[in-house]
Amino acid sequence: MFVSILYIWLLAFSGFLCDAQTGVSINTTFQVGVILDFDSLVGRIGMTSLSLAISDFYATNPNYTTRLVLHFRDSKGQVIDAAANALSLLKDVEVDAIIGPQKSSQASFVIGLGDRANVPIICFSATSPSLHPRSRYFVQTGLSDAAQVGAIAAIVGYFNWLQVVLIYEDSDYGNGIISYLANAFQDVNARVSYRSVIPLSATDDFLLQELYKMKTNQTRVFVVHVSSSLASKLFVKAKEAGMMGEGYAWIVTSGLMDLFYSLDSHVVDSMQGVLGVRPLIPRSRKLDSLAIRWKRKFLADNPNALQAELSLYGLWAYDTLWALAMAVERVAVRLPVNSLQINSSALNTTNLFTTEVSQTGPKILEALSRVTFQGFGGKFHLVEGQLGPSDFQILNVVGKGEREVGIWRTSEGILRGRNLNGTSSSNKTVLGVIFPGYSTVAPRGWEVPVSGKKLRVGVPVGSGFKEFVEVKKDPKTNASIVTGCYIDIFEAALKALPYAVSYVYVPFQKSDGSGAGSYDELTRQIYLRNFDAVVGDVTITAKRSQYVDFTLPFTAGGVTIIVKHDDLDDEWIFLKPLSTKLWLTSIALFILTGAALWILEHKFNHAYRGHPAQHAGMIFYFPFMSLVFAHSEKIVSNLARLVVVVWMFVVLILTSTFTASLSAKLTVRRLSQGNYEQELIRGKYNVGCRNGSFICTFLEELGFNKSRIKPCEPAELCEKALSKGSKNDGIEALFSVRPYSNLFLSKYGDDYMRVGQNFPTDGFAFAFPKGSPLVADVSRKIIELMENGKISKIEKMWEMQGPIYDDSDLPKNTQMKLKNFTVLFAITGGLTTVCLAIFVTIHLYKNRDFVQRIWNSNNTVWSKVVAVCKHFDERDPKSFRDGGGGNVSPNLRPTSTVVPVSSDDNIDGVLQSAPAVAT
């Protein structure tokens with residue numbers, strides 16, 4: 001307590017202190033520790049920049065009343081030494097801030113010490129994003145490595161590279177950026193196909209071995225994030241391995257590009273064509289002047305240095321010192337450390353790491369967060385303890401140095417470059433990049449593996465139809481011969497590629513020549529690295545897409561149902577166009593119409609006279625003969641003629657409908673209603689599918705019992721099982737993908753038909769490993785082959801395009817029902833009934849006296865009805881006077897005798913005494 005009071009008392013009189021050169025009173029001096037690796041290039045750059053910055057700052061601001069006192073410490077490139085120096089600065093010097101340490105691995109430990117002592121740890125060279133945020137007292141005044149991943153990903157996306165290989169050193173510096181890079185590549189639809197982790201102590205043999213391993217893979221785009229010392233060995237060995245030639249692309253990160261000038265000439269020669277990124281530094285005369293003075297001082301401080309250049313690390317160090325000096329000027333008063341206050345986090349530690357807590361550190365940290373100015377390294381502005389974002393240069397190593405080929409901005413992407421006045425150009429034409437091998441053509445980004453192995457293409461064995469894929473053995477060489485429509489399509493797509501792809505077909509079979517597994521197992525062989533591709537009648541499914549990538553389908557998909565045509569062997573097929581109710585109603589209407597015509601014509605028409613058997617024959621004969629309009633009997637009654645006219649219209653409609661329905665059934669085949677699969681499930685029928693197909697699982701999901709699902713192949717066995725039927729241990733229906741059913745029906749379509757709904761699925765496609773660049777290239781060629789008709793020609797060559805009807809364009813049911821003729825039958829029935837009612841009414845009215853006498857007689861009711869019917873059955877004498885059933889001559893009059901009938905006479909006497917009608 002006494003020490004603190006004494007310290008404050010001394011500060012009250014510190015105003016009397018005076019700068020000897022400027023004469024300005026210096027009220028406060030702040031102690032700042034600096035931890036760098038004195039023997040490293042970055043360390044030497046940092047010391048020169050800090051020394052130059054502190055002199056420039058106070059020369060520019062002579063009236064400031066605060067001064068920074070720098071205490072340099074050498075970490076010797078070791079984490080322990082850096083931590084020991086930091087602890088010494090905190091305990092012995094009681095520094096108010098620490099600039100450094102230099103490396104990310106060192107900073108990881110020092111950050112913890114600063115957090116305990118409440119002392120800001122300000123790093124301009126430890127740029128790993130994994131360091132932030134670990135402590136509120138850690139400040140990154142060098143741009144984080146994560147800031148450049150957008151620029152690197154933009155380059156990959158610009159050249160449409162789909163895969164990259166990451167090469168990084170095994171350190172905090174190397175590991176910190178990797179997750180950020182992987183996420184950035186996803187944004188441009190690129191994936192990391194391989195990650196090569198290089199130890200810091202990697203030997204030349206290790207590097208060569210790793211490079212040859214990467215060379216055998218497909219990817220030819222490499223993103224390198226290593227230190228300059230490791231990069232010097234890596235690129236020399238890459239050139240030795242033949243990986244710095246045409247077809248390769250290399251991208252290096254900012255840390256290496258910033259120190260590119262320091263690399264040996266033979267390393268630069270091995271890096272020709274390499275692309276890199278570096279934060280964009282604003283050009284100015286002040287910067288040029290600083291660079292000249294900095295270089296002079298650096299060579300003076302390091303007389304053994306052969307060359308010197310003010311790098312980005314030097315600019316960040318220079319700006320860091322200026323920002324810290326501005327911050328302490330705002331703090332103004334330096335408070336003593338509180339010896340009685342010990343950070344609680346250190347209570348459980350040894351005395352070695354116990355430090356007193358600074359009261360000035362938090363104030364410096366707060367003031368530093370508010371410092372903003374235009375520095376030489378760009379705008380200095382801290383965002384949550386990190387330097388704000390920056391634009392990036394895109395550099396290309398050509399000759400003895402690098403040249404700018406573009407600029408990347410977060411909001412605009414890649415721009416062509418900067419104009420002479422320093423502003424960026426909006427020209428977004430192709431970047432003028434010279435790639436390895438001095439090629440001006442952008443590499444594809446991948447090649448077929450050069451390990452001596454051809455592309456291993458797996459093909460199914462026993463695929464059902466030989467037209468799809470067929471595997472045969474050469475009897476002389478015992479080699480596999482693979483043919484088929486889909487093989488030809490695959491080869492046509494590969495031939496259309498702008499590059500050559502060597503391949504060999506590998507049948508997926510057992511030692512006995514049979515299939516080695518299902519189609520799911522076949523495609524899984526790609527994931528297991530046994531195949532590089534799979535070609536054949538392979539359907540795209542969600543399950544298979546989990547471990548392979550498919551090209552665009554080259555044929556339509558969908559699961560269809562094939563059944564045996566149920567009408568071909570039916571001897572009663574001629575009855576099926578009309579429903580049973582319609583047949584019965586039509587027959588009843590035929591009989592009723594015949595009876596109505598007899599009633600209306602028998603009194604006037606000779607054709608309707610005769611023996612009672614003739615009467616019955618005429619009742620059935622005339623309506624049925626009207627079906628073919630073959631009747632020759634004349635109709636003399638107007639009421640009968642009206643009935644016949646309407647009846648002829650009904651017959652015309654009925655016969656036309658019957659003919660059309662029967663024709664449809666015999667030529668197009670009647671299709672079943674939807675939900676046909678539910679009928680099969682309810683009926684517990686056996687169903688079939690191709691062996692090894694995904695349809696087996698699909699049928700189980702629909703609800704079929706596994707015991708009812710019978711896999712079958714080849715096509716001949718499927719046809720045989722269908723012909724037997726489910727009752728004879730065959731199958732009732734065959735479920736297959738649409739291309740298979742089309743080919744099946746083109747061969748057996750006379751006996752089978754496609755029924756029910758079409759279950760949507762994707763079509764056939766070629767399978768490749770996940771992320772394979774061949775997927776996109778082959779898909780594009782498939783589209784071209786479809787548009788130019790090449791695929792159609794190949795299918796015709798293999799006779800795969802039979803005369804198949806499209807189910808969606810065919811009627812689902814051609815049978816006519818009674819309800820379809822309700823109105824028509826009602827009209828003819830009602831009109832016939834009306835005509836009969838009119839005829840009977842007129843007859844009874846004309847013979848009302850006779851009917852009255854019969855009805856008033858004393859005979860039984862039945863006798864009266866019989867008497868009336870016999871009287872009704874008599875011929876009309878006017879109609880039969882001419883001896884026929886035609887018109888009667890008006891000059892001919894029938895003679896009759898009227899016999900009076902008393903009420904006591906019986907009906908038989910009346911009938912017997914009735915006068916005979918002249919014939």
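These numbers were taken from a predicted model, which means no experiment stands behind them. (Residues numbered from 1 in each chain as written. Predicted model: local features only at pLDDT ≥ 70, side-chain atom pairs only at ≥ 80, totals over all residues. Heavy atoms only, no water.)

(A) View of the overall build of the protein. Secondary structure summary: the protein contains 29 helices and 30 strands in total. Within the span of the protein, comprising 919 residues, buried residues form 49% of the whole. A sequence separation of at least 24 residues applies to 71% of the contacts in the protein between residues at least 6 apart. (Helix = DSSP H or I, 4+ residues; strand = E, 2+ residues; numbered from the N terminus. Buried < 20%, exposed > 50% of the residue type's maximum accessible area, 1.4 Å probe, protein only. Contact = heavy atoms within 4.5 Å.)

(B) Focus on a nonpolar patch on the surface. On the surface, V834, I838 and I842 cluster together to form a nonpolar patch covering roughly 230 Å² of accessible area. Within the secondary structure layout, V834 lies in helix α26 (residues 822-846). (Patch = residues over 30% accessible without salt bridge, like charges linked within 9 Å, V, L, I, M, F, W, Y side chains within 5 Å. Areas by Shrake-Rupley, 256 points an atom, 1.4 Å probe, with all protein chains shown as cover. Salt bridge = Lys/Arg side-chain N within 4 Å of Asp/Glu carboxyl O.)

(C) Up close: the pairing of strand β17 (residues 401-409). For strand β16 (residues 392-398) and β17, the ladder comprises seven bridges, and the chain directions are antiparallel. Bridge pairing in β17 places F392 opposite W408. Hairpin connection from β16 to β17: two residues lie between these consecutive antiparallel strands, with G399 at a positive phi of about 70°. Here three bridges tie β17 to strand β18 (residues 413-415), and the two strands are oriented antiparallel to one another. For R409, the partnering residue across the bridge sits in β18 and is G413. The turn linking β17 back onto β18 is made up of three residues. (Pairing = 2+ DSSP bridges.)

(D) Up close: the sheet that holds strand β10 (residues 275-279). One open sheet holds the eight strands; their spatial order is β7-β6-β8-β9-β10-β16-β17-β18, and the pairing between them is mixed. Where the open sheet ends on each side, the last strands, each with one partner, are β7 (191-198) and β18. In this sheet, neighbouring strand axes are inclined to one another by 30° on average, regardless of whether the strands run parallel or antiparallel. (Axes fitted to C-alpha atoms, helices over the stretch in contact; angles between N-to-C directions.)

(E) Geometry of the pairing of β16. Counting buried residues along β16, six of its seven residues qualify, which places the element largely inside the surrounding structure. The pairing of β10 with β16 spans five bridges and is classified as antiparallel. Looking across to β16, one finds that G276 is bridged to L395.

(F) Seen up close, the environment of L312. On the secondary structure map, L312 appears in helix α13 (residues 312-331). Taking relative accessible area as the criterion, L312 reaches 4% and is therefore assigned buried. Here the alpha-carbon distance between L312 and L259, two residues 53 residues apart in the chain, equals 8.5 Å. Beyond its immediate stretch of four places on either side in the chain, L312 contacts S254, D258, P279 and I281.

(G) Quick look at the side chain of T541. If you trace the backbone, T541 turns up in the loop between β23 (533-534) and β24 (549-550). By relative accessible area, T541 is classed as buried at 14%. Separated by 3.3 Å, the side chain of T541 and the backbone nitrogen of R544 make a polar contact. Here T541 is in contact with F550 and F694, once residues within four sequence places are set aside. (Polar contact = N/O pair within 3.5 Å; in protein donor to acceptor, adjacent residues only side chain to side chain.)

(H) Examining the packing of helix α17 (residues 580-601) against α26 more closely. Running from N to C, α17 and α26 point in directions that differ by 20°, and their axes come no closer than 11 Å. One element, α17, and the other, α26, form an angle in the roughly parallel class. Here α17 and α26 pass one another in a crossing that is left-handed. From α17, L582, T585, S586, L589, A596, I599 and L600 reach across to α26, where they touch F825, T828, T832, C835, L836 and F839. Looking at side-chain class alone, the contact of α17 with α26 contains nine nonpolar, four polar and no charged residues. (Parallel < 35°, antiparallel > 145°, perpendicular 65-115°, else oblique. Left-handed = near helix turned anticlockwise from the far one by under 90°. Nonpolar A, V, L, I, M, F, W, Y, C, P; charged D, E, K, R; others polar.)

(I) How the structure looks around the sheet that holds strand β29 (residues 752-759). Taken together, the five strands give an open sheet; going across it, the order is β27-β26-β28-β25-β29, and neighbouring strands pair in mixed fashion. Each of the sheet's edge strands pairs with one partner strand only, and the pair in question is β27 (709-712) and β29. Pairwise comparison of adjacent strand axes, ignoring direction, gives a mean angle of 30° for this sheet. Examined bridge by bridge, strand β26 (residues 687-690) and β27 share four bridges and lie parallel to one another. Of the residues in β27, the one forming a bridge with V687 is I709. Relative to strand β25 (residues 559-564), helix α22 (residues 715-724) is tilted by about 55°, and along the sheet it contacts β25, β27, β28 (733-737) and β29.

(J) Quick peek at the packing of α13 against helix α14 (residues 361-369). Interaxial distance between α13 and α14 falls to 8 Å at its minimum, and their mutual angle equals 120°. On the basis of the axis angle, α13 is oblique to α14. α14 is crossed by α13, and the crossing has right-handed handedness. Of α14, the residues touching α13 (which contributes A323, L324, A327, V328, R330 and V331) are K363, I364, A367 and L368. When the residues that make up the contact of α13 with α14 are grouped by side-chain class, the tally is eight nonpolar, no polar and two charged.

(K) Fine view of the pattern of salt bridges. Under the counting rule described, the total for this entry stands at 17 salt bridges. Ionic pairing is found between E240 and K237, a salt bridge with its closest N-O pair at 3.2 Å. Of this pair, E240 and K237 both sit in helix α9 (residues 228-240), three residues apart, which is roughly one turn of the helix. Among the salt bridges present, the one from E366 reaches R370, with a minimum N-O distance of 2.8 Å. E366 gets classed as partly exposed once you look at its relative accessible area, which sits at 42%.

(L) Quick look at the confidence of the model for the protein. Chain-level pLDDT for the protein is 79 on average; 78% of the residues reach the 70-or-more range. Throughout residues 344-350 the model reports pLDDT below 50, and contacts reaching past four residues in sequence, or to other chains, amount to five contacts. Considering only residues more than four positions removed or in separate chains, one finds that residues 419-429, a stretch of pLDDT under 50, has 21 contacts. (pLDDT = per-residue confidence, 0-100.)

(M) Molecular detail of a positive patch on the surface. Judged by side-chain charge, K495, K790, K793 and K796 come together as a positively charged surface patch. If you tally residues by element for the positive patch, the top one is helix α25 (residues 790-797), at three residues. Considering the arrangement of structural elements, one finds K790 in helix α25. Since its relative accessible area comes to 39%, K790 is described here as partly exposed. (Lys, Arg positive; Asp, Glu negative; His and termini not counted. Charge placed at Lys NZ, Arg CZ, Asp CG, Glu CD.)

(N) Molecular detail of α25. Restricting attention to buried positions, one finds in α25 the residues I791, I794 and E795. The buried residues of α25 occupy an angular sector of 100° when the element is viewed end-on, so they sit on one face. Facing away from the buried surface of α25 by more than 90 degrees, the exposed residues are K793, K796 and M797. The elements touched by buried residues of α25 are α15 (485-495) and α24 (773-787). Phi for E799, located one or two positions after α25, is positive at around 55°. (Arc of directions from axis to C-beta.)

(O) Representation of the nonpolar core within the structure. By size, the foremost hydrophobic cluster in this structure holds 90 residues, and its most contacted members are L68, I155, W161, F185, L275 and L324. Top contributing element to this core by residue count: α13, with 15 residues. When neighbours within four sequence positions are excluded, L324 is seen to be in contact with V32, L68, A97, I99, I122, I364 and L368. Among the nonpolar cores identified, the runner-up in size contains 67 residues, and W446, V457, F704 and F735 belong to it. (Core = buried A, V, L, I, M, F, W, Y, C linked by side-chain atoms within 4.5 Å.)

(P) Main features of helix α8 (residues 204-215). Between its terminal C-alpha atoms α8 stretches 16 Å, which fits the 16 Å expected from 12 residues at 1.5 Å a residue. Restricting attention to buried positions, one finds in α8 the residues L207, L208, E210, L211 and M214. Projection of α8 onto a plane perpendicular to its axis shows the buried side chains occupying an angular sector of 165°, all on one side. With respect to the buried face of α8, the exposed residues turned more than 90 degrees away are D205 and Q209. Close packing links the buried residues of α8 with β6 (163-169), β7, β8 (221-225), α9 and β9 (249-252). (Expected span 1.5 Å × (residues − 1).)

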